[in-house]
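Coordinates in review
Here are the chains, one letter per residue:
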Amino acid sequence: MATATDGVGAVQAEQSKVWEWLTTVDHKKIGTMYGITGFTYFLISGLTALAIRTQLAVPNGNVLSAELYNQFFTMHALMMIFLAIMPMGASFFNYFIPLQIGARDVAFPRLNALSYWVFLSGSLILFSSFFLGGAPDAGWFAYAPLTDAKYSVGSGLDFYCVGLIILGLSSLMASLNFAVTILNMRAPGMTMMRLPVYMWMTLVVSFLLILSLPIVTVALVMLYFDRNFTTNFFTPEAGGDPILWQHLFWLFGHPEVYVLILPSMGIVSEVIPVFSRKPLFGYSAIVFAGASIGVLGFGVWAHHMFTTGLGTVPALVFSATTMGIGVPTGVKIFNWLSTMYGGSIRFTTSMYFAVAFIAMFTIGGISGVMHASPAVDSQHQDTYFVVAHIHYVLFGGAIMGIFSGIFYWWPKMTGRFLSETSGKWSFWVMFAGMNLTFFPMHFLGVSGMPRRIYTYDEGFGWDDWNMVATIGSYLIGVSILIFLINVFRTMRQPATAPDNPWDAPTLEWATSSPPPEHDFDVVPEVHSSIPLWTNREMGIVTPEAPEGLHIHLPPSSYMPLILAIGVGLIGVGLLSHLALVGIGVAIATYGVWGWSIEPTD
Amino acid sequence: MTGRSRQIVLVVASFVAVAFVSWLIFIAFDGAAIDKRMSTLNPLSDQAQEYHDVYVLVWWLSGAVFVVIMAATLILSIHYRERPGVEPRRDIHGNTRLEILWTIIPIVIVLIMVVPTFDAVLSVEGDAEEGALEVTATGHQWWFEFTYHDSDGNELFRTANEMHVPVEQAVNVSLVSNDVIHAFWVPALFGKKDMMPGHNNRLWFKSKPGTEGMHYGQCVEYCGDSHANMRFRIFVESPADYDAWVNNQIAKAKWSDDELVNAGREVFVAKACNSCHQVEYSKSDAPDWLVPPTVAAIGPNLSHLASRTTIASALLDRDESNLRSWLKNPPGIKPGSRMPNLELTDDEITKLIAMLDSLE
């Protein structure tokens, strides 16, 4: 607490706290920043969802104009995917990869920090579009030629291109970092088939991003050029082809949805064994299923294009591969259920979310397999049936998995327990709200309600279910409020959580809650995929840290921040004055140069 | 109650609960079919029926999977809750035979879905029947243009937003876009197909006997500001009614000497309506009437507007009040509309409506 006599010293103490976070290369702090930023965008995007639902509660609503609605549904998807789910996923990856593999940080700590700061600048560029001439309004998939400068006048789609390119850079750097870390820095004894399932999912996700992000980056550059430099990649009158955009986009877009769901599948694979108090059923099968989903995920993209006139043969081939990918997914569902079989289940909030994931994701998976058939898809595509499908897998799946992870890992990260009572309230309200919102959308879809419409007329029979869905969405909002109150009250408690309150088997629970800056005093021996349980059974005790143990940690650096500012300025320059690009390049160059010559001891 | 009978009660009760919920869901799906204008569950053409049959099979398979998984989740959650004195089965790590079984069963389910899918798609996407009626549907932001062709492919006439077809007759629709991607969809008659700029997509359908009537359609590929407002109708009618409609559409616009209609024509020209909308009077009736030379339409052809039941791409019923609102401020009704607010006075609108009403 600063007093009148503290003067300069006190100011310096405050400054260094901010500076500490701006220059940190500690994976736990970076993970925390990703988590807070991601959750903030989740809340903002949730507000766009509430606005959308309010507009659609009644026919011919006038809460949102058409122009604003189209921006809102576009940004709702963009924010949820790129600014909420992926960063919250990155938050857990960052925090727990080193801890789960028994390392002390990631392979490239400064690159890790850079990923976060570049993410932040990309996200600010994309979000600022709302206030700088209008957000992109052509859908998150931005089909050409609607996105051409001729039809999308104004800068929204330019913010889209620049924002997503920068966000893609951030994810690419992070994925390379995580893949190298998992492959190279595992504790002695941790073979690949002893990795926690969450780590396997992270590895698969990293490779999905490494291979798919370059494709969409190319597409975004082509779109930016079509809009600003009179190229004609997607302009049919000049020999270009709108279908080219769709192929390039979905070659990224489909692996991207596995990027969104696999981390939550990994979390659920951690949580269910812990609270069932028995090992995961069929570890190898789950790992192989996850890996094959990753690989097969590159072979299904054109199921987003069944109605574009692909041709019968391609449509049928992609239909077969799409149905095929349901098989490894089903295997996982059965294995999770079998883990519960014979268990002694403790229904903590985290476990509720994990079990709900199984049920909700199954529903989303079922509707997905339904329109894997082009016959069915021809009546479902671009209707609310697809909206139902995506929200069951993304909300019922990805988001509920994230909440399961939040309640599971909160004591480890903060040393405090989120209230179980409040947690269970937020779970049940969210579960009810989610089903009330999205299940009726199946009915709306089969009664022919198209998607991406800012309003609809009376007389089509869509009124009642839309009202129900809107009420459900408000319930979801209430559940989030309950959760936020839980967080604020919890963080006022002292940090007293023990190392391993859930009696979990993976390495992150073999250190204090929260972990010290160096993560582990001594890394436990690893003899299985459930090391802490195995060590207990075999009587192996992890020794105390030896006297005078010195653990070298990478020093902080402000170069990642500088480089990220440079990249951000390049983006801003591409959206305003090209001169700023020059300044951005100069700053980025300084950042790279400083990075390469600064000492790392 | 003994442990064993408790187990049995639990399993039975869970299945009953899941079955009840599933039954509610079934009713709701059914409700989505009955009497809904855009229902996808009421196939009125052979092609919609073929796709619907695949849907029904897939729906029941999905329902079975849903019931099994939901029941299993419920039963396992309740039965294996921690109880004092009951130890978890930590020895279980897997069961190869079970895992193989539940890999094979989904593969079988997939095969059961794939075969009828292949059959239906190959059939529906194939060439239209011999002697199919040829129509070109052109998507514009935000309305549908229909060009009817004779059997040699020559253009017979153009209309907008309402398409008529004879019952039990194959219709081959060529799908074209004037600007961005649109899609052509009448759930009762066929699944959606995109109107892809630069490409020549097509679909065909043949309505079933007894399906005469009005069927609702909508653009179902996001195409900009007024995507929500881009609708259309297909009228299936008897061959006699269809022939009468075609002959009317082919004929030149009806000429009326009524004073108000004349005044309307003057406004139509003075306000440059004819720079976007064609009204094709015959030369003998109107030797000085200008038909714009552009073949590609900017706005719908109005020669027979009064034969249509709707205006503004089937957004509004064609009546005096709606015509007035539309003419008063088109972008107010259809955000982004290419037809601007011409600042017409009420008097000018009255005259225009008289003219438009005469164009049967």
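Residues numbered from 1 in each chain as written. Chains lettered and ligands numbered in written order. Predicted model: local features only at pLDDT ≥ 70, side-chain atom pairs only at ≥ 80, totals over all residues.

The next thing to look at is helix α9 (residues 312-324) of chain A. Along its 13 residues, α9 of chain A runs 18 Å from first to last C-alpha, staying within 8% of the 18 Å computed at 1.5 Å per residue. Tucked inside the fold, the buried residues of α9 of chain A contact α10 (326-340), α11 (349-370) and α12 (374-380) of chain A together with α3 (96-124) of chain B. (Helix = DSSP H or I, 4+ residues; strand = E, 2+ residues; numbered from the N terminus. Expected span 1.5 Å × (residues − 1). Contact = placed C-beta atoms within 7 Å.)

Residue and element names in this part refer to chain B. Entries for chain B in the domain assignment read domain 1 (3-81 + 94-124), domain 2 (133-250) and domain 3 (259-357). Using only C-alpha atoms to locate each centre, domain 2 and domain 3 end up separated by 22 Å. The partner domain 3 presents 16 residues to the 20 residues of domain 2 that form the contact. If you list the elements that add at least two residues to the side of domain 2 that touches domain 3, you get β2 (143-149), β3 (155-160), β10 (231-237) and α4 (239-250). Across the side of domain 2 that touches domain 3, the residue classes break down as 6 nonpolar, 8 polar and 6 charged. (Domains from an automatic or database assignment. Nonpolar A, V, L, I, M, F, W, Y, C, P; charged D, E, K, R; others polar.)

Moving on: the sheet that holds β10 of chain B. All names here are of chain B. Across the sheet, which stays open at both edges, the 3 strands sit in the order β4-β10-β9 with mixed pairing between neighbours. Since the sheet does not close on itself, it has two edges, and those belong to β4 (162-166) and β9 (213-218), each with one partner. With strand direction ignored, the average angle separating the axes of adjacent strands in the sheet is 25°. Sheet analysis places β4 next to β10, joined by 5 bridges and oriented parallel. Looking at β10, one finds that V165 is bridged to V236. (Pairing = 2+ DSSP bridges. Axes fitted to C-alpha atoms, helices over the stretch in contact; angles between N-to-C directions.)

This paragraph deals with the interface of chain A and chain B. Tallying the contact residues gives 74 residues for chain A and 72 residues for chain B. Mapped onto the side of chain A that touches chain B, the elements with two or more residues apiece are α3 (66-101), α7 (242-276), α9, α10, α11, α12 and α14 (420-446) of chain A. Here the side of chain A that touches chain B takes 8 residues from α10 of chain A, the largest share from any one element. Tallied by class, the residues present in the side of chain A that touches chain B amount to 40 nonpolar, 27 polar and 7 charged.

A few words on the sheet that holds strand β1 (residues 133-140) of chain B. All names here are of chain B. Judged by pairing direction, the sheet is mixed, and its 5 strands sit side by side in the order β3-β2-β1-β5-β8 without closing on themselves. With one partner strand each, in any of the chains shown, β3 and β8 (201-206) form the two edges of the open sheet. Mean inter-strand twist for the sheet, computed between neighbouring axes without regard to direction, equals 25°. Note that strand β5 (residues 170-177) and β8 share 6 bridges and pair antiparallel. Paired with V173 across the strands is L203, a residue of β8.

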